[in-house]
Amino acid sequence: MPLLIKNGLVVNADSQIRADVYVEDETISRIEPSIDLAELPAGTNMVDATDRLVFPGFIDPHVHINLPFMGTNAIDDHDSATQAALVGGTTTIIEMICPGPDDEPRAAFETWMGLAEDGANCDYSFHLSVVRFDALADQQIRELVADHGVASFKIFLAYKGALDISDSNLIPLLELARDLGVIVTAHCENAEAIDAMQRRLLADGKTGPEWHEPSRPRSVEASGVNHLCTFAELTGAHVYIVHTSCKAALDEAIAARGRGVNVWVESVAPHLVLDHSYAERPGFEGAKFVMSPPLRDAEEHDPLWKGIADRSISTIGTDHAPFNFGDQKSMGREAFTAIPNGIPSVQERVDLVHTYGVDAGRIDLETMVDACSTQAAKIFGLFPRKGVIAVGSDADLVIYDPSFEGIFDVADSLSKTDYSGYQGMRRKGRAEVVVLRGRTVARNGRFVGEAGGGRYLGRTPSH
Ligand code: URP
Ligand code: ZN
Ligand code: ZN
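Residues numbered from 1 in each chain as written. Chains lettered and ligands numbered in written order. Predicted model: local features only at pLDDT ≥ 70, side-chain atom pairs only at ≥ 80, totals over all residues. Heavy atoms only, no water.

Caption draft 1: Structural view of the packing of aromatic side chains. For the coordinates displayed, the defined rule picks out 14 aromatic pairs. Taken together, a centroid distance of 5.0 Å and an interplanar angle of 80° make the contact between F69 and Y159 edge-to-face. Of this pair, F69 sits in strand β7 (residues 68-69) while Y159 sits in the loop between β11 (152-156) and α4 (167-180), and the two are 90 residues apart along the sequence. The exposure classification of F69 matches that of Y159, with both residues buried. Considering the side-chain rings of F109 and F126, the 6.1 Å spacing of their centres and the 80° angle between planes classify their relative orientation as edge-to-face. Taken together, the positions of F109 in helix α2 (residues 105-119) and F126 in strand β10 (residues 123-129) put the pair 17 residues apart, joining distant regions of the chain. The pair F109 / F126 is uniform in exposure class, with both members buried. Through pairs of rings, three or more aromatic residues link up here, namely F69, F156, Y159 and F323. Sitting over the ring of F325, K288 keeps its end group 5.0 Å from the ring centre. Against the face of F383 rests K378, its NZ or CZ located 4.8 Å from the ring centre. (Phe/Tyr/Trp six-rings, centres within 6.5 Å; stacked < 30°, edge-to-face > 60°. Helix = DSSP H or I, 4+ residues; strand = E, 2+ residues; numbered from the N terminus. Buried < 20%, exposed > 50% of the residue type's maximum accessible area, 1.4 Å probe, protein only. Lys NZ or Arg CZ within 6 Å of the ring centre and 35° of its normal.)

Caption draft 2: View of the site of ligand 1. Taken together, H62, H64, F156, Y159, H187, H243, M291, S292, D319, A321, N341 and G342 make up the full set of residues near ligand 1. Within the side chain of H64, a nitrogen or oxygen atom sits 3.1 Å from an oxygen atom of ligand 1. A distance of 2.5 Å is found between a nitrogen atom of ligand 1 and a side-chain nitrogen or oxygen belonging to D319. When ligand 1 sits alone it has 260 Å² of accessible area, and the protein chains cover 100% of it. (Near = heavy atom within 4 Å. Polar contact = N/O pair within 3.5 Å; in protein donor to acceptor, adjacent residues only side chain to side chain. Areas by Shrake-Rupley, 256 points an atom, 1.4 Å probe, with all protein chains shown as cover.)

Caption draft 3: Summary view of the coordination of the zinc ion (ligand 2). Every protein donor of the zinc ion (ligand 2) is listed here as H187 (ND1) and H243 (NE2), and their distances to the metal cover 2.1 Å. Each of the four donor atoms bound to the zinc ion (ligand 2) contributes to angles spanning 56 to 148°, and the resulting shape is irregular. Using a relative accessible area of 1% as the deciding quantity, one classes H187 as buried. (Donors = N, O, S within 2.8 Å, 3.2 Å for Na, K, Ca; no water. Tetrahedral: all angles 85-135°; square planar, octahedral: opposite > 155°, others 65-115°.)

Caption draft 4: Spotlight on the domain arrangement of the protein chain. Domain boundaries in the protein chain define domain 1 (3-55 + 391-447) and domain 2 (57-379). When each unit is reduced to the centre of its C-alpha atoms, the spacing between domain 1 and domain 2 is 27 Å. In this assembly, 42 residues from domain 1 lie in contact with 51 residues from domain 2. Across the interface of domain 1 and domain 2, roughly 3600 Å² is buried in total on both sides, 59% from carbon and sulfur atoms. D77 is the salt-bridge partner of K416, the closest N and O atoms lying 2.9 Å from each other. Elements represented by at least two residues in the side of domain 1 that touches domain 2 include exactly β1 (3-12), β2 (15-24), β5 (53-56), β16 (397-407), β17 (426-436), β18 (439-443) and β19 (446-447). Of the residues forming the side of domain 1 that touches domain 2, the biggest block, nine residues, is contributed by β17. (Domains from an automatic or database assignment. Contact = heavy atoms within 4.5 Å. Buried area = accessible area lost by both parts, 1.4 Å probe. Salt bridge = Lys/Arg side-chain N within 4 Å of Asp/Glu carboxyl O.)

Caption draft 5: Geometry of the packing of helix α1 (residues 78-87) against α2. At a minimum axis separation of 8 Å, α1 and α2 run at an interaxial angle of 60°. Considering the angle they form, α1 stands oblique to α2. Both α1 and α2 take part in a crossing whose hand is right-handed. Side by side, α1 and α2 meet where H78, D79 and T82 of the first sit next to L115, A116 and G119 of the second. Along the lines of polarity and charge, the residues of the contact of α1 with α2 split into two nonpolar, three polar and one charged. (Axes fitted to C-alpha atoms, helices over the stretch in contact; angles between N-to-C directions. Parallel < 35°, antiparallel > 145°, perpendicular 65-115°, else oblique. Left-handed = near helix turned anticlockwise from the far one by under 90°. Nonpolar A, V, L, I, M, F, W, Y, C, P; charged D, E, K, R; others polar.)

Here it is as structure tokens:
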């Protein structure tokens, strides 16, 4: 059924215009100052977007759904996580395929793809995490890039003995990525330094969640960024720093960029609005807020928002990593090192950025679109199919009410977690209608789409 969105303010990364948007089949076919419903085919649906913003569907470039990690698995499945994404205005996610050191890349891809094909309600793509790089991995990775459009890798410098890649594997992997034109996303924290700090703190009886941040301070993250950028400089690979939490780490990336390193920077919603004091909450509640890199002091918020405003930070993702408080975070009651790391945010991201970025006067609407949609599409090879409202692009659209006022509440969450990291926080704005490839999939916080209607997005390496 064709769709007309009338009277909205259409916001792209570089413009705001008052325009009507007409959608046929799965694509945007007209954007004009005024399109008359009477001239369109009978049966055309119309959405009145008066006083509403019309955004391109948002893209979350950093999502975990199937995440075997720290002795458990993240609690969402593809159905729950992508319903949560859609009601929050996110129409495309890029999930991390995270095999363990003994798993083969091809089998991991098939596992993650099988789960997503069965359950995903929004469009999806994958970053392939590489933990061990040998001849077999080399061959399988080449096939996944060529045959399945896996155009980005993921590496962890942290999580010693579990997910971290050795330096001797890192060099050839970066060389392969460079040769294939694949960008490498990276979790940058020095694994050995963290391991030593964790041992020392636990030996001193410092076992609570409040010690998670001191075990991996800002210097450890900045050192990780420096390390990755050095290797990128040596190999010429293009790299993307995920979940940058502090000015010191951002400064390392900016300095590397100044030396000619091709490096992009992501920040994630929790680091922009939460701070270390949450992890200090009494009665083990702080465990809800344990993620890595950790939540920092609130003084880090402004440099991150400034980086987004001046676009030295390209993207805002979530690092959605949902673990229940009751039976998963509690695994770390005796030692913070056993608390599964992660905070669910895939549903809240867009409203958090609108509330604490746009409404707070820190960024404008165009920057919000750039950071939450357009840059992810450009960096990861989805543009202009995704990430922009343009004729010929997929009709992924968010009709957004910027005047909505409320609070974040776990009762509204479609993620399966038993808590919200943003419980009770002020919320300004809401996705009223969410359209995925021409079909309405969410309305006012409720999923109304077809189950399993998401589509895999294979990509061509573009770096
Ligand atoms: O705490 C986090 N970030 N959990 C998910 C795994 C990762 O490091 O991205
Ligand atoms: Zn990470
Ligand atoms: Zn992550």
